[in-house]
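# Results of the structural survey
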Amino acid sequence: MSDDIPFDQTFDLPPGQVDEVMPGVRRLLCNNPGPFTFKGTISYIIGRGHVAMIDPGPDDADHIAALLAAVRGETVTHIFVTHTHRDHSPAVPRIKTATGAIVLAQGPHRPARPLNIGEAPRLDASNDLDFRPDHALADGEVVSGLDWTIEAVATPGHTANHMAFALKKTDVLFSGDHVMAWSTPVVAPPDGAMSDYMASLAKLARRGEQIYFPGHGPAVKNAPRFVSAYILHRKAREAAILRQIGKGETDIPALVHAVYAGLDPRLTKAAGLSVLAHLEDLVTRGTVATAGAPSIEGRYRLAG
Ligand SMILES: [Zn+2]
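Scope of this entry: the structure provided in the associated data block. (Residues numbered from 1 in each chain as written. Predicted model: local features only at pLDDT ≥ 70, side-chain atom pairs only at ≥ 80, totals over all residues. Heavy atoms only, no water.)

### Here's the deal with the overall build of the protein
Along the protein, the regular secondary structure elements total six helices and 15 strands. For 304 residues, the compact-globule formula gives about 19 Å, and the C-alpha radius of gyration of the protein, at 19 Å, lands near that figure. Viewed in the frame of its principal axes, the protein has a C-alpha envelope of about 65 × 40 × 35 Å. Across the 304 residues that make up the protein, the buried fraction comes to 54%. Of the contacts made within the protein by residues no fewer than 6 positions apart, 64% connect residues no fewer than 24 positions apart. Summed over all atoms, the accessible surface of the protein reaches about 12,700 Å², with 55% contributed by carbon and sulfur. For the protein, the centre of its 29 positive side-chain charges and the centre of its 33 negative side-chain charges are spaced 3 Å apart. (Helix = DSSP H or I, 4+ residues; strand = E, 2+ residues; numbered from the N terminus. Rg over C-alpha atoms; globule rule 2.2 N^0.38 Å. Buried < 20%, exposed > 50% of the residue type's maximum accessible area, 1.4 Å probe, protein only. Contact = heavy atoms within 4.5 Å. Areas by Shrake-Rupley, 256 points an atom, 1.4 Å probe, with all protein chains shown as cover. Lys, Arg positive; Asp, Glu negative; His and termini not counted. Charge placed at Lys NZ, Arg CZ, Asp CG, Glu CD.)

Shown next, in the form of structure tokens:
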């Protein structure tokens, strides 16, 4: 159902091997493959001599050792974090202790909206609730090292605190899990919000960077066009949900069954939350109605 997006799943970087993807940008793959992480989390090293890291990754001893080995003889001055899922930020304390670098991110983990009664944070184990940045980045804030300059670009949606990082004077943006070449990310309430996610996609589509280095998988090329395809894909998903609801009041399991053909069974829960994200957005916009706050157990019908 995703053939509308020009996905690229060619990625064969071995875990722990330093790969210079362009002058001044190195990447390292962590060995944590999975249905949400593809081949694993990618950490980036920016600059030479005095360097920044982006997303040190999970608390994985081998990956942390490989990252530190990659920068042996260099000084790590900054650690940037795109968001606080456990595959991106839990390595931060050990890298910070080893290097003394300052940690920069939008903020601690937080849900995109208040929890409904009886609602647990989604896929709870996926959140790094201990994370605290040394410096909270504002949208558009610019941070410079010796031979690099990064602009923080707030991109809430996958998580409320998600940020992308543009590498100034290049064509490159580090897109975290917001935009990836191998797949679309999960947008799951209450940590994620579809309205924020769509606004963040529109924000990136207006920017000039042509190449995105994501948190998982290969680089995104022709990025603005790719982002436009992402937006169309979500709009098509929304239209499919509305078509199904138009046939009569229904619930989320039925919508998942109707809208996601051939879904990996490990992703059923995530798909349900993704449909909930669309429904929250549609209820807010007054297109769809439900009793009370939109919830995973709710029943949905067209409004009016
Ligand atoms: Zn991730």
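### Digging into the nonpolar core
Counting residues in each nonpolar core, the largest one holds 49 residues, and the members touching the most others are Ile46, Phe80, Phe165, Phe174 and Val179. No other element matches the six residues that helix α4 (residues 223–246) contributes to this core. The contact partners of Ile46, leaving out residues within four places of it in the chain, are Gly24, Val25, Val51, Ala52, Ile54, Trp148, Ile150, Leu167 and Phe174. (Core = buried A, V, L, I, M, F, W, Y, C linked by side-chain atoms within 4.5 Å.)

### Focus: the packing of helix α3 (residues 194–205) against α4
Where α3 meets α4, the closest approach of the two axes is 9 Å, and the angle between their N-to-C directions is 155 degrees. Judged by the inter-axis angle, α3 sits roughly antiparallel to α4. Between α3 and α4 lies a crossing of left-handed hand. Counted together, Met194, Tyr197, Met198, Leu201, Ala202 and Ala205 of α3 and Pro224, Val227, Tyr230, Ile231, Arg234 and Lys235 of α4 form the full contact between these two elements. (Axes fitted to C-alpha atoms, helices over the stretch in contact; angles between N-to-C directions. Parallel < 35°, antiparallel > 145°, perpendicular 65-115°, else oblique. Left-handed = near helix turned anticlockwise from the far one by under 90°.)

### Regarding the coordination of the zinc ion
The zinc ion binds to the protein through Asp87 (OD), His88 (NE2), Asp177 (OD) and His216 (NE2); the donor distances cover 1.9 to 2.3 Å. Around the zinc ion, the four donor atoms are arranged such that angles at the metal cover 86 to 152 degrees; this shape is classified as irregular. The motif formed by the donor residues of the zinc ion, counted along the single chain, is D-H-x88-D-x38-H. Of this pair, Asp87 sits in the loop between β5 (75–80) and α2 (92–99) while Asp177 sits in the loop between β11 (172–176) and α3, and the two are 90 residues apart along the sequence. As far as the burial class goes, Asp87 and Asp177 line up, both buried. (Donors = N, O, S within 2.8 Å, 3.2 Å for Na, K, Ca; no water. Tetrahedral: all angles 85-135°; square planar, octahedral: opposite > 155°, others 65-115°.)

### Regarding the side chain of His63
In this fold, His63 is placed in helix α1 (residues 61–70). At a separation of 2.8 Å, a polar atom in the side chain of His63 contacts the side chain of Ser43. If we skip the residues at most four places from it in the chain, His63 touches Leu28, Leu29, Cys30, Ser43 and Pro56. (Polar contact = N/O pair within 3.5 Å; in protein donor to acceptor, adjacent residues only side chain to side chain.)

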